[in-house]
Amino acid sequence: MAGRFAEYSPSLRRHARSQGGVALAMVVWFVAAMSVLVVGIVSEARVDVRMAQTHIARAKAMAAGDGAISLLLSRQALLREAQAGPGENGLEPVLEARFMLGEQPVQVRMTPISHLLDLHSADPEQLETAFSELGGLQREDARRLAASVVQLRSGRANGVGVGFRPHTVEDWLQLPGFDRALLDGMRNWLRMDDEAAYRLDAVLDYDGRRWLRRRWITLQGGSGASGFPWRITRTEAPRVLDDRTTTAGAR
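Bear in mind the structure is a predicted one, so any value in this text is a computation, not a measurement.

**Examining the overall build of the chain**
No. 1: Of regular secondary structure, the chain possesses 6 helices and 5 strands.
No. 2: Traced from its N-terminal end to its C-terminal end, the chain shows the element sequence α-α-α-β-β-α-α-α-β-β-β.
No. 3: Across the 251 residues in the chain, those meeting the buried criterion constitute 33%.
No. 4: Accessible surface, the chain as shown: approximately 15,000 Å² in total, 57% of it carbon and sulfur.

In C-alpha cells, the structure reads:
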C-alpha cells in the first residue's frame, strides 16, 4: 500500500507538471518556428512571382516598343507629308503615331536631336538653366557646373584625366558635381548619343504600369545586316515611367 501511495507523492506530481510544461514550451516553439518558415516561403514565392511578372513586362515592352518604333520609321515619309509645315521655332517637327500591336496600343514619338540639349554645344546660360530647372541644382551650383562643362569641352577641366572627352552622357558623370541624380533628372531633355539624329520613344501601359522603350537612330549607314534604311546607335533598357511622366520630354 505504501508503494502505491508513493507514486502519487507531491514530489512526483511536481516532476510530472514540470515535464508537461517543458513539452508545452517545445510545442509552442515548434509552431512558432514553422510559422516563421511558412511566412518566409510565402514571402519568397511572392517576390519570385513579382520578379517573373516584371521580366514578362520588360520583354513585352521591348518587343512591342521595338515593333512600334520600326513601324513609325517605315512610315515617317507619310507622316511628314500629313504634318505639313515646319515645327516650332523653325525646327524639324516631332512625329507622333499610335499603333496597335495585337491588342497592345503603343504610342511612339520621334524627336529630332535639334529639340534636345547637347552638352557638347550648349552655351553656359542654357547649361545653367538646365542644371537648375531640370536637374534640381541650386542656382550657384548650376552656374559652377556649367562653367566646368565649358572648361571640359575646351580641355581645361579639373578633376578629370588630361585629354578626356565624353562620348556618351554617362561619361559626364566623371566630372565633379555631375552625379547620377542630376543625369536622371535631365535624361528626357538631353541628347544621349553623338551619332544619332533622332530619338524614338515607345510608351505602353502594361500590368498597371507605364513602360518606356527608347532607341536612338540615324538615317545614314543603314541597309546592312538589318536590311533597314536606318541604323540604331543606342538602345536603352525598358523602364517604368513615374506618375508625373506621361511622355518623354523635349524642348
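Moving on, there is more to tell.
**Some details on the sheet that holds strand β5 (residues 231-240)**
No. 1: The 5 strands lie next to each other as β1-β2-β3-β4-β5, forming an open sheet whose pairing is antiparallel. Strand pairing shows two members of the sheet lacking a second neighbour, β1 (95-101) and β5, which therefore form its edges. Pairwise comparison of adjacent strand axes, ignoring direction, gives a mean angle of 20 degrees for this sheet.

**Some thoughts on helix α4 (residues 124-134)**
Residue pairs three or four apart in sequence face the same way in an α-helix, which turns once every 3.6 residues.
No. 1: Along α4, the positions that sit buried rather than exposed are Leu127, Glu128, Ala130, Phe131 and Ser132.
No. 2: Each element contacted by the buried residues of α4 is listed here: α5 (139-153) and α6 (180-186).
No. 3: Between a side-chain oxygen at the N-terminus of α4 and the backbone nitrogen of Glu125 the separation is 3.1 Å; the capping residue is Asp123.

**A word on the confidence of the model for the chain**
No. 1: With 78% of its residues at a pLDDT of at least 70, the chain reaches an overall mean of 81.
No. 2: When pLDDT is averaged over each element of the chain, strand β3 (residues 198-206) comes out on top at 95 and helix α1 (residues 2-6) at the bottom at 50.

**Here's the deal with a nonpolar patch on the surface**
No. 1: A cluster of nonpolar side chains, contributed by Val27, Phe30, Val31, Met34, Leu37 and Ile41, occupies part of the molecular surface with about 570 Å² of accessible area.
No. 2: Note that Leu37 resides in helix α2 (residues 10-74).

**Side note on α5**
No. 1: Along its 15 residues, α5 runs 21 Å from first to last C-alpha, staying within 8% of the 21 Å computed at 1.5 Å per residue.
No. 2: Regarding α5, the residues found buried are Ala142, Leu145, Ala146, Val149 and Leu152. Down the axis of α5, the buried set is contained in an arc of 120 degrees. They therefore lie on one face.
No. 3: For α5, the elements touching its buried residues are α4 and α6.

**As for the packing of aromatic side chains**
Note on aromatic pairs: each is described by the distance of the centres and the angle between the planes.
No. 1: Enumeration over the complete set of coordinates arrives at 1 aromatic pair.
No. 2: With a centroid separation of 5.9 Å and an interplanar angle of 85 degrees, the aromatic rings of Phe131 and Phe178 are classed as edge-to-face. Here Phe131 is found in helix α4, whereas its partner Phe178 is found in the loop between α5 and α6, with 47 residues between them in sequence.
No. 3: When its relative accessible area of 0% is taken as the criterion, Phe131 is described as buried.

**Topic: the nonpolar core**
No. 1: Core analysis: the biggest nonpolar cluster contains 23 residues, and Leu119, Phe131, Phe178 and Leu190 have the highest contact counts within it.
No. 2: Broken down by secondary-structure element, the contributors of at least two residues to this core are α4, α5 and α6.
No. 3: Top contributing element to this core by residue count: α5, with 5 residues.
No. 4: Among all residues touching Leu119, those that are not within four sequence positions of it are Leu127, Phe131, Val149, Arg153, Trp172, Phe178 and Leu190.
No. 5: Residues Ile69, Leu72, Phe99 and Val108 belong to the second largest nonpolar core, which totals 20 residues.

**Overview of the pattern of salt bridges**
No. 1: This structure, assessed with the given rule, holds 18 salt bridges.
No. 2: In this structure, Arg143 and Glu140 form a salt bridge, with 2.7 Å as the shortest nitrogen-oxygen distance. In this pair, Arg143 and Glu140 both sit in helix α5, 3 residues apart, roughly one turn of the helix.
No. 3: Look at Glu140 and you get partly exposed, because its relative accessible area is 42%.
No. 4: Several salt bridges share partner residues, and in doing so they unite Glu128, Arg139, Glu140, Asp141, Arg143 and Arg144 into one network.

**Section: unusual backbone geometry**
No. 1: Despite not being glycine, Asp207 shows a phi value in the positive range, around 55 degrees.
No. 2: Along the chain, Asp207 falls in the loop between β3 and β4 (209-218).

**Considering the pairing of strand β2 (residues 104-112)**
No. 1: With respect to burial, β2 is a largely interior element, 7 of its 9 residues being buried.
No. 2: Where β1 lies against β2, 7 bridges are found, and the strand directions are antiparallel. Looking at the pairing, Met100 lines up with Pro105 of β2.
No. 3: Between β1 and the antiparallel strand that follows it, β2, lie 2 residues; Gly102 among them carries a positive phi value of about 70 degrees.
No. 4: Relative to β3, β2 is paired through 6 bridges, and the arrangement is antiparallel. Along β3, the bridge assignment pairs Met110 with Leu200.

Rules of the game
Residues numbered from 1 in each chain as written. Predicted model: local features only at pLDDT ≥ 70, side-chain atom pairs only at ≥ 80, totals over all residues. Heavy atoms only, no water. Helix = DSSP H or I, 4+ residues; strand = E, 2+ residues; numbered from the N terminus. Buried < 20%, exposed > 50% of the residue type's maximum accessible area, 1.4 Å probe, protein only. Areas by Shrake-Rupley, 256 points an atom, 1.4 Å probe, with all protein chains shown as cover. Pairing = 2+ DSSP bridges. Axes fitted to C-alpha atoms, helices over the stretch in contact; angles between N-to-C directions. Contact = heavy atoms within 4.5 Å. Polar contact = N/O pair within 3.5 Å; in protein donor to acceptor, adjacent residues only side chain to side chain. pLDDT = per-residue confidence, 0-100. Patch = residues over 30% accessible without salt bridge, like charges linked within 9 Å, V, L, I, M, F, W, Y side chains within 5 Å. Salt bridge = Lys/Arg side-chain N within 4 Å of Asp/Glu carboxyl O. Expected span 1.5 Å × (residues − 1). Arc of directions from axis to C-beta. Phe/Tyr/Trp six-rings, centres within 6.5 Å; stacked < 30°, edge-to-face > 60°. Core = buried A, V, L, I, M, F, W, Y, C linked by side-chain atoms within 4.5 Å.

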